[in-house]
Amino acid sequence: MKKKLIAGNWKMNGSLDANEALLKGLLSGVGQPACQVAVCVPSVYLGQCQALLAGSVIDLGAQDVSSHEVGAYTGEISPSMLKEFGVRYAIVGHSERRQYHGETDGMVATKVQRALGSGITPIVCVGESLAEREAGKTEEVVKRQLAAVIHVNGHCISEIVVAYEPVWAIGTGLSATAEQAQQVHAVLRAQLKAATSNADRIKLLYGGSMNAGNAASLLAMQDIDGGLVGGAALKAQDFLTIIAAAV
Ligand code: 13P
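The model shown is predicted, which means the values in this text are computed figures rather than measured ones.

Draft legend 1. Spotlight on the site of the ligand. The full set of residues close to the ligand is Asn-9, Lys-11, His-94, Glu-165, Ala-169, Ile-170, Gly-171, Gly-208, Ser-209, Leu-228, Gly-230 and Gly-231. A distance of 2.8 Å separates an oxygen atom of the ligand from a polar side-chain atom of Lys-11. Contacts to the ligand include Gly-230, whose backbone N or O atom sits 2.9 Å from an oxygen atom. When atoms are counted within 2 Å of each cavity's grid points, the one that captures over half of the ligand is the second largest pocket. A per-class count over the shell around the ligand returns 3 nonpolar, 7 polar and 2 charged.

Rendered as structure tokens:
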């Protein structure tokens, strides 16, 4: 059976002291987990976190990656730069980047391509807004977002991780129910199956107010292969409880 993946997205949180305390807390409690574990940290802290996580079972991730490899792109960070810091994963197309930084489906698809080209596993985020859900457009939106990534990346698509993150569930405390999440995951799985014969090995994560209390029921669903965790990933005990639920 494929291992689940629990990835923390720290977003724009942390400090040298807070990161050290959080990672030490995680490392002291994580043991040999049944799942894969990663933390996606602000890029300025990659070096610090790489050192603290060296040789551990916790992988390092970034929260974004440039769609360019090198050159005059002020403020951008290339995948080969991330590789130098031992980065394994990069979140791509998070709704906060789509919303606040104007990232389009096309840009997200190119970033995925660039990450894959450097051996970084993109965690590709898709998800509908509350208005889109209420208009009955959930399927249409997530399929459009994923289709752009499939179109540009072809058979390499089997190397990505997908995270379904309904925008209305992010940071609100209002998680999708396990059934609601599974329904969308099944749609995404079918879409991936139409694109590659290896769709079953692609991990589909759920994100949006996943916490220590609801993780087990979400992770028990057939097509939910892990979680992308925001707020609860900032508390060692909560994140450890979620990791323990990912069997
Ligand atoms: P919360 O877990 O804080 O809702 O955030 C989810 C998320 O956006 C992870 O990428």
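Draft legend 2. Quick peek at the layout of surface pockets. Quantified by volume, the largest pocket comes out at close to 560 Å³. Along the wall of the largest pocket there are 22 residues; nearest its centre are Pro-42, Ser-43, Gln-63, Asp-64 and Arg-97. Top element by residues in the lining of the largest pocket is helix H4 (residues 95–100). It accounts for 3 residues. Classifying every residue of the lining of the largest pocket gives 10 nonpolar, 7 polar and 5 charged. By volume, the second largest pocket is sized at about 290 Å³. Lining the second largest pocket are 22 residues, with Gly-171, Ser-209, Gly-230, Gly-231 and Ala-232 positioned closest to its centre. Looking at the lining of the second largest pocket, its residues break down into 7 nonpolar, 11 polar and 4 charged.

Draft legend 3. Spotlight on the pairing of strand E1 (residues 5–9). By the criterion of burial, E1 is predominantly enclosed, with 5 of the 5 residues buried. Because side chains alternate across E1, one face comprises the buried residues Leu-5, Ala-7 and Asn-9, and the other comprises Ile-6 and Gly-8, equally buried. Note that E1 and strand E2 (residues 36–40) share 5 bridges and pair parallel. The residue bridging Asn-9 from the neighbouring strand is Cys-40, located in E2. Note that the unit made of E1, helix H1 (residues 16–30) and E2 has a crossover that is right-handed.

Draft legend 4. A look at the side chain of Ser-158. Following the sequence through the fold, Ser-158 ends up in the loop between helix H7 (138–153) and strand E6 (161–164). Excluding residues within four positions of it along the chain, Ser-158 makes contact with Thr-196, Asn-198, Arg-201 and Ile-202.

Draft legend 5. Fine view of the packing of H1 against helix H10 (residues 236–245). For the pair H1 and H10, the least separation of the axes is 9 Å and the interaxial angle reads 35°. Crossing angle aside, the handedness with which H1 passes H10 is right-handed. For the pair H1 and H10, the contacting residues are Leu-22, Gly-25, Leu-26, Gly-29 and Val-30 in the first and Ala-236, Phe-239, Leu-240 and Ile-243 in the second. Split into classes, the residues belonging to the contact of H1 with H10 amount to 7 nonpolar, 2 polar and no charged.

Cut-offs used in this document
Residues numbered from 1 in each chain as written. Predicted model: local features only at pLDDT ≥ 70, side-chain atom pairs only at ≥ 80, totals over all residues. Heavy atoms only, no water. Near = heavy atom within 4 Å. Polar contact = N/O pair within 3.5 Å; in protein donor to acceptor, adjacent residues only side chain to side chain. 1 Å grid on protein atoms, 1.4 Å probe; cavity = no way out; pocket = protein on both sides within 12 Å on 5 of 7 lines; lining within 4 Å. Sits in = over half its atoms within 2 Å of the grid points. Nonpolar A, V, L, I, M, F, W, Y, C, P; charged D, E, K, R; others polar. Points joined across faces, edges and corners; volume = space filled by probe spheres on them. Helix = DSSP H or I, 4+ residues; strand = E, 2+ residues; numbered from the N terminus. Buried < 20%, exposed > 50% of the residue type's maximum accessible area, 1.4 Å probe, protein only. Pairing = 2+ DSSP bridges. Right-handed = clockwise from strand over helix to strand, strands pointing away. Contact = heavy atoms within 4.5 Å. Axes fitted to C-alpha atoms, helices over the stretch in contact; angles between N-to-C directions. Left-handed = near helix turned anticlockwise from the far one by under 90°.

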